[in-house]
Amino acid sequence: ILQCIILTPNGLIGVIAKKLWNIKVSSWIRGGDWYFTRDTPLERLMISFIIKNSDIVLVQTPKIKKEVLNEFPDAKIEVVPNGIDVPKKNTKGNKIIFVGNLIWRKGVEYLLEAMRHVNEDLIIVGDGPEKKKLMEMAKCMKNVVFVGRTYPEMVKNYLKKGKVLVLPSIAG
């Protein structure tokens, strides 16, 4: 089965490959590809083609599933949430935690700017194309630690160290 994460262009390429080579294809809707790519008739037509021709559509939340089914009631959809176990009890941690991809739309630069005015420690779990720029921003900040990429099952260990999880996204 060909797994296409994000509807456009990946899902489109996947369903074309399905037509050409008679393979099964799953298309993922992660959120932004559903909410921010339906502005024009061409985009809506392309998304319709992808959803109707995918063997299964995987979505991140029950809310997205409901919204997709409202437009495409015959779509075969399953919810596959992000894969971490949240600690079942309150933690006694004292850190501020960020977990995510280090990409512009996550807004980590604004978190770092805010941390200049906070006397708390920040642990940043994740990696991505903005890491070098963000580390440069934080090089004089003794209260910021970059952990880097980690296995999903290890994320809960960092969450236990936290008293607050901050996700300062600025776009989808």
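To be clear, the structure that these remarks concern was listed above.
Residues numbered from 1 in each chain as written. Predicted model: local features only at pLDDT ≥ 70, side-chain atom pairs only at ≥ 80, totals over all residues. Heavy atoms only, no water.

**Regarding the overall build of the chain**
Piece 1. Helices and strands together make up the secondary structure of the chain, namely 7 helices and 8 strands.
Piece 2. Each principal axis of the C-alpha distribution contributes one length, and for the chain these read about 55 × 35 × 30 Å.
Piece 3. Within the chain, the proportion of its 172 residues that are buried is 36%.
Piece 4. In the chain, 63% of the contacts between residues at least 6 apart in sequence involve partners at least 24 apart.
Piece 5. As displayed, the chain offers around 10,900 Å² of accessible surface, 57% of which is attributable to carbon and sulfur atoms.
Piece 6. Taken together, the 28 basic and 17 acidic charged side chains of the chain have centroids lying 5 Å from each other. (Helix = DSSP H or I, 4+ residues; strand = E, 2+ residues; numbered from the N terminus. Buried < 20%, exposed > 50% of the residue type's maximum accessible area, 1.4 Å probe, protein only. Contact = heavy atoms within 4.5 Å. Areas by Shrake-Rupley, 256 points an atom, 1.4 Å probe, with all protein chains shown as cover. Lys, Arg positive; Asp, Glu negative; His and termini not counted. Charge placed at Lys NZ, Arg CZ, Asp CG, Glu CD.)

**Looking at the sheet that holds strand E8 (residues 162-165)**
Piece 1. Here we have 4 strands laid out as an open sheet, ordered E7-E6-E5-E8, and parallel in their pairing. Edge strands, defined here as strands with exactly one partner in the open sheet, are strand E7 (144-148) and E8. Shown here is a sheet whose adjacent strand axes are inclined to one another by a mean of 25°, direction ignored.
Piece 2. By the bridge criterion, 4 bridges tie strand E5 (residues 95-99) to strand E6 (residues 122-125) in an arrangement that is parallel. Each bridged residue has a counterpart across the sheet, and for isoleucine 96 the counterpart in E6 is leucine 122. (Pairing = 2+ DSSP bridges. Axes fitted to C-alpha atoms, helices over the stretch in contact; angles between N-to-C directions.)

**A closer look at the sheet that holds strand E4 (residues 77-79)**
Piece 1. Strand order in the open sheet formed by 4 strands is E1-E2-E3-E4, with parallel pairing between adjacent strands. Pairing within the sheet leaves two strands with one partner each, and these edge strands are strand E1 (2-5) and E4. Each strand axis lies, on average, 25° off the axis of its neighbour in the sheet, ignoring direction.
Piece 2. The pairing of E1 with strand E2 (residues 25-29) spans 4 bridges and is parallel. When the bridges of E2 are listed, glutamine 3 appears paired with serine 26.
Piece 3. Across the sheet, helix H4 (residues 62-71) touches E2, strand E3 (56-59) and E4, and the angle it forms with E4 is around 165°.

**Some thoughts on the nonpolar core**
Piece 1. Core analysis: the biggest nonpolar cluster contains 16 residues, and Ile29, Trp34, Ile51, Val68 and Phe72 have the highest contact counts within it.
Piece 2. Within the residue set of this core, elements represented by two or more residues are helix H1 (7-21), E2, helix H3 (41-53), E3 and H4.
Piece 3. Looking at this core, the element that brings in the most residues is H3, giving 3 residues.
Piece 4. In this view, valine 68 contacts Ile29, Trp34, Ile51 and Ile77; residues no more than four positions away in its chain are not counted.
Piece 5. Grouped together as the second largest cluster of nonpolar side chains are 14 residues, Ile96, Leu112, Met141 and Val144 included. (Core = buried A, V, L, I, M, F, W, Y, C linked by side-chain atoms within 4.5 Å.)

**Focus: the layout of surface pockets**
Piece 1. Of the voids in this model, the largest pocket is the one considered here, and its volume is about 1,100 Å³.
Piece 2. What lines the largest pocket is a set of 33 residues, and nearest its centre among them are Arg30, Asn82, Gly100, Asn101 and Lys106.
Piece 3. Where the lining of the largest pocket is concerned, the elements lending two or more residues are helix H2 (32-35), E5 and helix H7 (152-160).
Piece 4. Considering only residue class, the lining of the largest pocket consists of 15 nonpolar, 12 polar and 6 charged. (1 Å grid on protein atoms, 1.4 Å probe; cavity = no way out; pocket = protein on both sides within 12 Å on 5 of 7 lines; lining within 4 Å. Points joined across faces, edges and corners; volume = space filled by probe spheres on them. Nonpolar A, V, L, I, M, F, W, Y, C, P; charged D, E, K, R; others polar.)

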